[in-house]
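Listed here are the chains, written in short residue letters.
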Amino acid sequence: MDNILTSRRYKNECTVVDLKTCRIGDGSLAIIAGPCAVESMDQMIYLAGLFKKTGVSIIRGGAYKPRTSPYSFQGLGEEGLRILAAAREQTGLPFVTEVTDVRYIEKVAGYADIIQIGSRNMQNFSLLREAGKSGKPVILKRGFSSTLEEWLSAAEYIAAEGNNKIIFCERGIRTFEGYTRNTMDISAIPAIKELSHFPIIADPSHGTGRRSLVGPLAKAAVAAGSDGVMLEVHENPPRALSDGAQSLYPSELESLVPALQVLHAACSSLRKTAV
Ligand code: PEP
Ligand code: MN
């Protein structure tokens, strides 16, 4: 069965997701930054200050973490949501956080400005439907073994509930390569733009798993037409409770954001004149 509501054939004009303080898909570049998992109030108050002065548009942070091992840190739960709300209060910036289970959707939607459906849940169809019903903007990450067609069908579940605030997020797929945690599929960015009217952002943190590769792949994503980038940042990455190896140091974020903005401006004017 063909996808309808998500397809470019159905709607040719790009959909813009409006978050009041920023818009995703209108030709601007959204910068989403934050720790993999929210660890403490002190951490988020410090990072929120950094993000505000760096020009970050949306704060991220996991409160409910989908961890491979049941013995790894699972997130602070509702306490994490309260901390994210405090960071929003401090900065005026919206936040995105992941929902891992239909049982938490009401709670998460009650706090968050954007709901994230993670890679592992991309085909959790009841969760997709509930996220659709929540009416909140949804960042839909690509399943790490999913084709573009499967990804579009997952978005169709959200759209079929009457929710047209969908943002795709390419976060790397599994390949035979082991040096990187995943392989960033840069081609997915222009391909999704051809196939769908919804915006797409890129997450080079999970896409590479290596701090040193996050900047280069963020730039590649911007050059390929990404509407935004999602970056994991930690105040002290070696001590992070999750994903420290791919988390940027604050100083790295401070130099990367202006570089991405310059590149985005250059690529936008190029796109007007070239193919
Ligand atoms: C995340 O963004 O915190 C996350 C778990 O990402 P993914 O679902 O892409 O692995
Ligand atoms: Mn992470």
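Before reading on, note that the structure itself is shown above.
Source: prediction; values computed, not measured.

Criteria and thresholds
Residues numbered from 1 in each chain as written. Chains lettered and ligands numbered in written order. Predicted model: local features only at pLDDT ≥ 70, side-chain atom pairs only at ≥ 80, totals over all residues. Heavy atoms only, no water. Helix = DSSP H or I, 4+ residues; strand = E, 2+ residues; numbered from the N terminus. Buried < 20%, exposed > 50% of the residue type's maximum accessible area, 1.4 Å probe, protein only. Areas by Shrake-Rupley, 256 points an atom, 1.4 Å probe, with all protein chains shown as cover. Lys, Arg positive; Asp, Glu negative; His and termini not counted. Charge placed at Lys NZ, Arg CZ, Asp CG, Glu CD. Near = heavy atom within 4 Å. Polar contact = N/O pair within 3.5 Å; in protein donor to acceptor, adjacent residues only side chain to side chain. Nonpolar A, V, L, I, M, F, W, Y, C, P; charged D, E, K, R; others polar. Donors = N, O, S within 2.8 Å, 3.2 Å for Na, K, Ca; no water. Arc of directions from axis to C-beta. Contact = heavy atoms within 4.5 Å. Right-handed = clockwise from strand over helix to strand, strands pointing away. Pairing = 2+ DSSP bridges. Salt bridge = Lys/Arg side-chain N within 4 Å of Asp/Glu carboxyl O.

Asks: Help me understand the overall build of the protein chain in this model?
Replies: For the protein chain, the helix and strand inventory stands at 9 helices and 10 strands. Dimensions along the principal axes, computed over C-alpha positions, put the protein chain at roughly 45 × 40 × 40 Å. With 275 residues in all, the protein chain has 54% of them scored as buried. Accessible surface, the protein chain as shown: approximately 11800 Å² in total, 53% of it carbon and sulfur. Measuring between centres, the 31 positive side-chain charges of the protein chain sit 1 Å from its 29 negative side-chain charges.

Asks: Hey, could you run me through the site of ligand 1 in this one?
Replies: In the vicinity of ligand 1, the contacting residues are Arg60, Lys65, Glu98, Gln116, Gly118, Ser119, Arg120, Lys141, Arg171 and His206. Within the side chain of Lys65, a nitrogen or oxygen atom sits 2.9 Å from an oxygen atom of ligand 1. A distance of 2.9 Å separates an oxygen atom of ligand 1 from a polar side-chain atom of Lys141. Contact with the protein chains covers 96% of the free accessible surface of ligand 1, which is 290 Å². Its residues placed into classes, the shell around ligand 1 shows no nonpolar, 4 polar and 6 charged.

Asks: Just to check I follow, could you spell out the coordination of the manganese ion (ligand 2) for this structure?
Replies: The reference angle at a metal is 109.5 degrees if four donors form a tetrahedron and 90 or 180 degrees if six donors form an octahedron. Here the manganese ion (ligand 2) is held by the protein donor atoms Cys36 (SG), His206 (NE2), Glu232 (OE) and Asp243 (OD), which lie 2.0 to 2.4 Å from it. Motif for the manganese ion (ligand 2), donor spacing along one chain: C-x169-H-x25-E-x10-D. In this pair, Cys36 is assigned in the loop between strand E3 (30-34) and helix H1 (41-54) and His206 in helix H7 (residues 204-208), connecting sequence segments 170 residues apart. By relative accessible area, which is 8% here, His206 ends up buried.

Asks: Looking at this model, I keep getting lost on helix H8 (residues 211-223). Mind explaining?
Replies: Side chains of residues three or four places apart in an α-helix project in the same direction, reflecting 3.6 residues per turn. Residues Val214, Gly215, Ala218, Ala221 and Val222 constitute the buried set of H8. End-on, the buried residues of H8 take up no more than an arc of 130 degrees, which puts them together on one face. Those residues of H8 that are buried are in contact with helix H6 (188-195), strand E9 (200-202), H7, strand E10 (228-232) and helix H9 (250-273). Of the residues trailing H8, Gly225 is marked for its positive phi of about 105 degrees.

Asks: Looking at this structure, I do not really get the pairing of strand E6 (residues 114-117). What am I missing?
Replies: The side chains of a regular strand alternate, residue by residue, between the two faces of the sheet. Burial of the side chains of E6 extends over both faces: Ile114 and Gln116 are buried on one face and Ile115 and Ile117 on the other. Note on the crossover from strand E5 (residues 95-98) through helix H3 (residues 105-111) to E6: the handedness is right-handed. Where E6 and strand E7 (residues 138-141) come together, 3 bridges link them in parallel fashion. Looking at E7, one finds that Gln116 is bridged to Ile139.

Asks: How should I be thinking about the environment of Cys267 in this particular structure?
Replies: Tracing the chain through its elements places Cys267 in helix H9. Sequence-wise, Cys267 and Ile58 are 209 residues apart; in three dimensions their C-alpha atoms are separated by 22 Å.

Asks: Mind showing me how you'd approach unusual backbone geometry here?
Replies: One can expect most non-glycine residues to show negative phi and most peptide bonds to be in trans. The backbone of Lys20 shows a phi angle near 70 degrees, a positive value even though the residue is not glycine. Position of Lys20 relative to the elements: it lies in the loop between strand E1 (17-18) and strand E2 (23-24). On the basis of relative accessibility, which here comes to 81%, the residue Lys20 falls in the exposed class. Phi is positive for Asp243, which is not a glycine, with a value near 55 degrees. Along the chain, Asp243 turns up in the loop between E10 and H9.

Asks: Explanation requested: the pattern of salt bridges in the structure shown.
Replies: Pairs can form between side chains of opposite charge whenever their charged atoms are close. Scanning all chains against the criterion turns up 16 salt bridges. Close ionic contact of Arg23 with Asp18 constitutes a salt bridge, the shortest N to O distance being 3.5 Å. Take Arg23: its relative accessible area is 39%, and that puts it in the partly exposed class. Measuring nitrogen to oxygen at the nearest pair gives 3.3 Å for the salt bridge that ties Arg82 to Glu79. Of this pair, Arg82 and Glu79 both sit in helix H2 (residues 78-91), 3 residues apart, roughly one helical turn.

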